[in-house]
Every structure is written in C-alpha cells, then in structure tokens.
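# Reading the structure
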Amino acid sequence: MKRLVTLIFISLLPLCWIAAQSSLPNGYAGIQLGMTVDEVKEALQKDGQFGYRGDRDVSLLPGENRSIIETDTSRTAPYSFLDRCWFQFYEDRLYIITINIKTEKMDHYSVFSTLCSKYGLPTSLNPSKSEWVNDSVMVSLERPLSIKYTDKKVFDSLMEQSRVNNAVIENSQQHFLEGL
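Residues numbered from 1 in each chain as written. Predicted model: local features only at pLDDT ≥ 70, side-chain atom pairs only at ≥ 80, totals over all residues. Heavy atoms only, no water.

For the rest of this paragraph, the subject is unusual backbone geometry. Cis geometry marks the peptide bond from R143 to P144, where omega comes out at 10 degrees. Summarising the element assignment, P144 is placed in the loop between β9 (137-142) and β10 (146-151). With a phi angle near 50 degrees, E91 is a residue other than glycine that sits in the positive phi range. Here E91 is to be found in the loop between β5 (82-90) and β6 (93-101). Notably, D92 is not glycine yet its phi reads approximately 65 degrees, a positive angle. Tracing the backbone through its elements, the reader meets D92 in the loop between β5 and β6. Under the relative-accessibility criterion, D92 is labelled partly exposed at 41%. (Helix = DSSP H or I, 4+ residues; strand = E, 2+ residues; numbered from the N terminus. Buried < 20%, exposed > 50% of the residue type's maximum accessible area, 1.4 Å probe, protein only.)

Looking at chain direction, strand β4 (residues 66-72) and β5 are connected through 7 bridges and run antiparallel. Each bridged residue has a counterpart across the sheet, and for S67 the counterpart in β5 is F89. In the sheet, β5 pairs with β6 via 7 bridges, with the strands oriented antiparallel. Directly across from Y90, in β6, lies its bridge partner R93. The antiparallel pairing of β5 with β6 creates a hairpin that spans 2 residues between the two strands, and E91 there sits at a positive phi of about 50 degrees. (Pairing = 2+ DSSP bridges.)

The next subject is the packing of aromatic side chains. For the structure on display, the rule yields 4 aromatic pairs. Between F50 and F87, the aromatic rings sit 5.7 Å apart at their centres with planes inclined by 70 degrees, giving edge-to-face as the arrangement. Residue F50 is found in the loop between α2 (37-46) and β3 (58-60), and its partner F87 is found in strand β5; the two are separated by 37 residues along the sequence. Each member of the pair, F50 together with F87, is buried. Relative to Y95, the ring of Y90 lies with its centre 6.4 Å away and its plane at 75 degrees, an arrangement referred to as edge-to-face. A relative accessible area of 15% places Y90 in the buried class. Classification of Y95 as buried rests on a relative accessible area of 5%. (Phe/Tyr/Trp six-rings, centres within 6.5 Å; stacked < 30°, edge-to-face > 60°.)

Spanning 12 residues, helix α4 (residues 108-119) covers 16 Å between terminal C-alpha atoms, matching the ideal 16 Å at 1.5 Å per step. Of the positions making up α4, those classed as buried are H108, V111, F112, S113, L115, C116 and Y119. Of the residues that open α4, the one with a side-chain oxygen 3.3 Å from the backbone nitrogen of Y109 is D107. Positive backbone phi, approximately 85 degrees, marks G120, located one or two places after α4. (Expected span 1.5 Å × (residues − 1). Polar contact = N/O pair within 3.5 Å; in protein donor to acceptor, adjacent residues only side chain to side chain.)

Note that all results are geometric; they support no functional claim without further evidence.
Laid out in structure tokens, this is it:
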C-alpha cells in the first residue's frame, strides 16, 4: 500500500508543479469559515446539494460556545455528490466544515489530483490523509472520501486552551498524589 501511494504521488508531481498555485479556499459552495450560524443556515437553505432541512439539523456540542449543523442528502438531495456534512461553530462562528463525498459518485484520486492541480503539493501526506495548510486555513482530504476546511487560528487557539487545561489537571493530580 505504501508503495502504491508513493507511485501515485510521484505520478502527480508534474501535475502539481505545473499547477497555478491558488490560495487555499476557506470554504465550499458559498459557505465560508467565519460565517455566523444564521448566515450558514441561510446559505444551506439556498443550496439544495447539502440536504439541509432546517433547525432540526442544529445541535449543541459539549463545551462552551459550540454548536453544529449536520446535513444528510440521502432523502432530500439524492443526486448530490455530497453525503453527510457537518458545520462546527465556536462562539457563533463557523470554524470547521466537514464534507463527506459519495464514493459511488466520486473517487479519491479525482479529488486528490484536482486539489493538487489547484493548490500544489500537500503540506503533509499519508495513506489516510492529505493536508494543505497556510497561515489561516487547513484543507484536508481524508479517506475514504471527506474534505475538511478548518480555520487554523481558531483550531490552534482551541488546541492551546486544551493543553493549558490538561496541564492544570495534571498539576492538580500531582498535588493530590503528593498529599497522600
């Protein structure tokens, strides 16, 4: 498998070198990272490929200031290339878009080669994920066939908060153990 991935990657190098390296997109089909929940709902209503059915698709995530919109095209948009999609918000701003693509309608190689031709070689590549990163956005193509757009600044901030919280817990745990 590793050899096959290497051969595919090498065969795409000329395509990626010729590519007009566009800046990475910060969203898909008019839905952009940083939009509010209401702006995303409005955009989803206008675009049938997502299969958005209204507020029943919105829920809260564990943690403060987090919500998610989940869509499913199986009943409402059967001809769409999209399957299930998730739009994650932090403090009412969209920071992650995850789009599952129907594997019976599209293949991984076509999506990968298109991304390479538009944005150049991925920043990182392994058998399960290819990732393109700049200062503000991360675009990843994950197996079997999902595209994820992530606001890098918000993601990095949340990761840093998580590390700080874990350090506090570890220090409290150590303090407790020392008191035994």
